[in-house]
Amino acid sequence: MSVQTHQNGSRWEFITQSRVWRSFFRHGWPDNPLDRSLVMTSNIFLHLHPVKVNRRSLHWSYTFGLGVIAVVLFGVLVFTGVLLMFYYVPSVERAYPALRNIEVSVPLGQFTRNMHRWSAHLMVLVAILHLIRVFYTGAYKSPREFNWLVGVGLLLLTLGASFTGYLLPWDQLSYWAITVGTNIAGYAPLIGNAVRGILLGGPEVGQDALIRFYTLHVALIPTLLVLGISIHLWRVRKDGGLAVNDSVTPAGEVPADEHVGGMQKTSEKS
Amino acid sequence: MSTTNLVNTTDEIFPKQTNKTYALVELMRGDGPMVGKGPDGSVFSFPVVLLIEIILVLGVTLAVFLFSLLKQAPLEAIANPLVTTDPAKAPWYFVGLQELLEHMHPTVAGVLIPTALVLFLAVLPYVDRSRDGVGVWFTSLRGRRIAGWTALYTAVLMPAYILLDNAFSLRELLRNKTPEWVAQGLLPLAIIAVIVAVPALVLSRRKATPREVLIALFTVMIVSAVIFTLSGFFLRGPGFKMYLPWQMPNGYNPLNGL
């Protein structure tokens, strides 16, 4: 069957009516309420969103987009991190030369490393700011207590991801920063030395520490982060979207920070 | 007005107990199965939310992209366990703890306080069980004032503590006079505890809600963390001694350690 013989249809319709297309997408063009719902619910990535959101949860000054920015930075880090993995070798003898190689010989190697490092610093900062935002807007309150805990766990994982990555260049900066950092862990009474030993795999920062930090950095922590972020986002939807929705007055007319006064005005009118 | 009415707006728009024998009904242009509910001001996520997300993806990536063109990631000489760098600093997010270590016993600064902070974060949603002011910055005007005054209070006292302890170190003053756990453990911990507790005590005398006490405590924590981090990062030079950032000896530049 040729395109021309397809009745009453354009080439586009021929494609979107085909069995192949329809096996991929189970919704029509999203220009009506039904398909706009289906486009979200029938896609594994988009279904983390609610089908509808309140206008007030889109106000920039409520969230500053910090949660989304943190996820975006995590994406940048995974992408640039995988690129760096093609060239990096977690060995005391070869790590530093590999870094030199990335900076000098690999096309865009220095640039990729720059992006990885600056995104990492920024992600830690943004995750902290996100925690501050959620606290001051009271968004941890019932029924969102569990998601707050997941968020605290994600912040600790982010710190862990950054800290384990810090050692990998195997230069003076990383070596002594990790020595200082793991010494702090060693100060815990009774378990301190054990914790430090588990992290480093030996009495001081060496090959055993490097391979442990590498494995944590490229495998364990990113996996836990993906899992944690998935739970975190899914739970946002399950708990009723952003907390600002709970405080909505009729038609969302009252600005967030005049909420209580605004309700009093409304009641006086009625 | 009671708080239940803040949440339950539907009853206000469609009162259940009414003497009216008629209803106002209107045909409206619009979409969504919102029968029997008040105006909710919601929009379909597609495409609004996706567009915002795409803008953030492109914007954030572009910002990091441009910064990476301008500033190179640092790479110093190859690691040498025999040559200690001076100063040797932890990554910036732990440098606040390193600053804390200068003022008190390692078990207090490196273990007790960080554990207390994480526990505080973990339990706070279970301490504050009210639903008042959910989704509102600082809950109320009073909450905003509490945050502001506590931030100012911490921003004065914590730097004062750092500078005073740096000039007249408890560790040195009380050496050989009291046991180590008093001079470096109990006393500094007591000072910090008093600084943290004063806003909470003042507030509870003024019949503050748990949420308002938490705002004060959280603000003390965040502002202190910022101050200790800034001090450790910018004011500490060789030997982890205190210098002004632009007067660092040996050409040491704190920003090179990022």
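Residues numbered from 1 in each chain as written. Chains lettered and ligands numbered in written order. Predicted model: local features only at pLDDT ≥ 70, side-chain atom pairs only at ≥ 80, totals over all residues. Heavy atoms only, no water.

Visitor: Would you mind going over empty space enclosed by the protein with me for this structure?
Guide: Residue and element names in this part refer to chain B. Enumeration over the complete set of coordinates arrives at one cavity of 30 Å³ or more. Here the largest cavity is characterised by a volume of approximately 30 Å³. Looking at the largest cavity, the residues that line it are E102, H103, D165, S169, L170, R171, A183 and Q184. Elements with a contribution of two residues or more to the lining of the largest cavity: α7 (170-173) and α8 (180-205). Among the residues forming the lining of the largest cavity, the class breakdown is two nonpolar, three polar and three charged. (1 Å grid on protein atoms, 1.4 Å probe; cavity = no way out; pocket = protein on both sides within 12 Å on 5 of 7 lines; lining within 4 Å. Points joined across faces, edges and corners; volume = space filled by probe spheres on them. Helix = DSSP H or I, 4+ residues; strand = E, 2+ residues; numbered from the N terminus. Nonpolar A, V, L, I, M, F, W, Y, C, P; charged D, E, K, R; others polar.)

Visitor: How should the pattern of salt bridges be read in this particular structure?
Guide: Side chains that differ in charge, positive against negative, can pair when their charged atoms come close. Residues and elements named next belong to chain A. The final tally for this structure, using the stated rule, is six salt bridges over all chains. R113 is paired through a salt bridge with E103; the nearest N and O atoms lie 2.7 Å apart. Residue R113 is found in helix α7 (residues 109-136), and its partner E103 is found in helix α6 (residues 95-104); the two are separated by 10 residues along the sequence. A salt bridge links R235 to D239; the shortest N-O distance between them is 3.3 Å. A relative accessible area of 23% means that R235 is categorised as partly exposed. (Salt bridge = Lys/Arg side-chain N within 4 Å of Asp/Glu carboxyl O. Buried < 20%, exposed > 50% of the residue type's maximum accessible area, 1.4 Å probe, protein only.)

Visitor: What is the right way to read the packing of aromatic side chains from this model?
Guide: To describe a pair of aromatic rings, one takes the distance between the centres and the angle between the planes. With the rule as written, the count across this model stands at 23 aromatic pairs over all chains. Each ring, one from F111 of chain A and one from F65 of chain B, has its centre 4.8 Å from the other, and the planes form 70°; the classification is edge-to-face. Here F111 of chain A is found in helix α7, whereas its partner F65 of chain B is found in helix α3 (residues 45-70) on a different chain. Since its relative accessible area comes to 35%, F65 of chain B is described here as partly exposed. On the basis of an interplanar angle of 45° and a centroid distance of 4.9 Å, the ring pair of Y136 of chain A and F138 of chain B is categorised as tilted. With Y136 of chain A in helix α7 and F138 of chain B in the loop between α5 (106-127) and α6 (141-167), this residue pair bridges two chains. These aromatic residues form a ring-pair network of at least three members: W60, F64, F135, Y136, Y140 and W148 of chain A together with W137, F138 and F218 of chain B. When the ring centre of Y166 of chain A is taken as reference, the NZ or CZ atom of R117 of chain A above it lies at 5.1 Å. Positioned above the aromatic ring of F135 of chain A is the side chain of R211 of chain B, whose terminal nitrogen or guanidinium carbon lies 5.0 Å from the ring centre. (Phe/Tyr/Trp six-rings, centres within 6.5 Å; stacked < 30°, edge-to-face > 60°. Lys NZ or Arg CZ within 6 Å of the ring centre and 35° of its normal.)

Visitor: Teacher, can you tell me more about the interface of chain A and chain B here?
Guide: Much of the literature gives interface size as the accessible area that the parts lose upon coming together. Taken together, the contact pairs 90 residues of chain A with 87 residues of chain B. When the two sides are added together, the surface that chain A and chain B hide from each other amounts to roughly 8,200 Å², 71% of it contributed by carbon and sulfur. Summed over the shared surface of chain A and chain B, the result is one salt bridge. With a shortest N-O distance of 3.3 Å, D128 of chain B and K141 of chain A are connected by a salt bridge. (Contact = heavy atoms within 4.5 Å. Buried area = accessible area lost by both parts, 1.4 Å probe.)

Visitor: Just checking my understanding: could you explain the confidence of the model for chain A for this structure?
Guide: All names here are of chain A. Confidence in the prediction for chain A averages 86 pLDDT; 88% of positions are at 70 or higher. Within the model, the stretch residues 1-6 combines pLDDT values under 50 with six contacts to residues more than four positions away or in other chains. Note that residues 248-270 has pLDDT below 50 and, in this model, 31 contacts with residues that lie over four places away or in other chains. (pLDDT = per-residue confidence, 0-100.)

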